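Working through the structure, step by step
Chain by chain, the residues:
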Amino acid sequence: MPTIPPRFDITRAEIAQVVAAFYEAVRAHPGLGPVFAVHVKDWDRHEAKIVGFWANAILHERSYDGNPLAVHRDAGNVRPGMFDAWLGLFDSVLKRELRPDQAAAWSALAHRIGRSLRAGVVEKQTGADGVPILR
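None of the values given here were measured: they were computed from a predicted structure. (Residues numbered from 1 in each chain as written. Predicted model: local features only at pLDDT ≥ 70, side-chain atom pairs only at ≥ 80, totals over all residues. Heavy atoms only, no water.)

Two quantities define a packed helix pair, namely the angle between the helix axes and the distance between the axes. Where helix α1 (residues 12–28) contacts helix α5 (residues 82–97), the axes come no closer than 9 Å and their chain directions differ by 130°. Here α1 lies oblique to α5, going by the angle between them. The hand of the α1/α5 crossing is right-handed. Here α1 contributes Q17, V18, A21, F22, A25 and V26 to the contact with α5, which in turn contributes W86, L89, F90, V93, L94, R96 and E97. Partitioning the contact of α1 with α5 into residue classes produces ten nonpolar, one polar and two charged. (Axes fitted to C-alpha atoms, helices over the stretch in contact; angles between N-to-C directions. Helix = DSSP H or I, 4+ residues; strand = E, 2+ residues; numbered from the N terminus. Parallel < 35°, antiparallel > 145°, perpendicular 65-115°, else oblique. Left-handed = near helix turned anticlockwise from the far one by under 90°. Contact = heavy atoms within 4.5 Å. Nonpolar A, V, L, I, M, F, W, Y, C, P; charged D, E, K, R; others polar.)

With that settled, the discussion passes to the nonpolar core. Counting 34 residues, the largest nonpolar core has I15, W54, I58, W86, F90 and W106 as its most contacted members. The dominant element in this core, judged by the number of residues it contributes, is helix α3 (residues 43–59), at nine residues. Sequence-distant contacts of I58, that is, excluding residues within four places in its chain, are made with P6, R7, F8, I10, I15, W106 and L109. One finds V35, F83, L117 and V121 within the second-largest nonpolar core, a separate group that totals five residues. (Core = buried A, V, L, I, M, F, W, Y, C linked by side-chain atoms within 4.5 Å. Buried < 20%, exposed > 50% of the residue type's maximum accessible area, 1.4 Å probe, protein only.)

This paragraph deals with the packing of aromatic side chains. Counted by the stated rule, this structure contains twelve aromatic pairs. Here W86 and F90 contribute two aromatic rings whose centre-to-centre distance is 5.0 Å and whose plane-to-plane angle is 15°, an arrangement assigned as stacked. Of this pair, W86 and F90 both sit in helix α5, separated by four residues, roughly a single helical turn. Each member of the pair, W86 as well as F90, is classed as buried. Consider the rings of F90 and W106, whose centres lie 5.5 Å apart with planes at 80°: the pair is edge-to-face. One end of the pair, F90, is in helix α5; the other, W106, is in helix α6 (residues 100–126), and 16 residues separate them in sequence. Given a relative accessible area of 0%, W106 falls into the buried group. Site record: aromatic cluster; members linked through ring pairs are F22, Y23, F36, W43, F53, W54, Y64, W86, F90 and W106. The side chain of R27 reaches across the aromatic face of W43, ending 4.7 Å from its centre. (Phe/Tyr/Trp six-rings, centres within 6.5 Å; stacked < 30°, edge-to-face > 60°. Lys NZ or Arg CZ within 6 Å of the ring centre and 35° of its normal.)

Just distances and angles here, no functional claims.
Set out below in structure tokens:
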């Protein structure tokens, strides 16, 4: 069976490098660090899972088994406005760690995924009709 080519030129090792640099920055971020710290106790395991996610999304590997939308919706402390901070931090890491063509391609993909996640979180918090859900 023919393999699907990667979305852009990048290796799994480069994906792992970006993920490690990103989560190092997340842990130091005053707004995002505490949000992640509530949920992530084993950073090595979390980073390996996220490398699998990106390897699946970019390289078309079958190395990720999870549901990012459900995880973000069910976390309880993820707010729609956090996605802008997440994407800004991610973009800065991409620019620092990769060639410009790689950074631009990965950023475009991350922003598409971020829009979907944000929409899912907003819908969970407001309901499909946009009316806030009272808890």
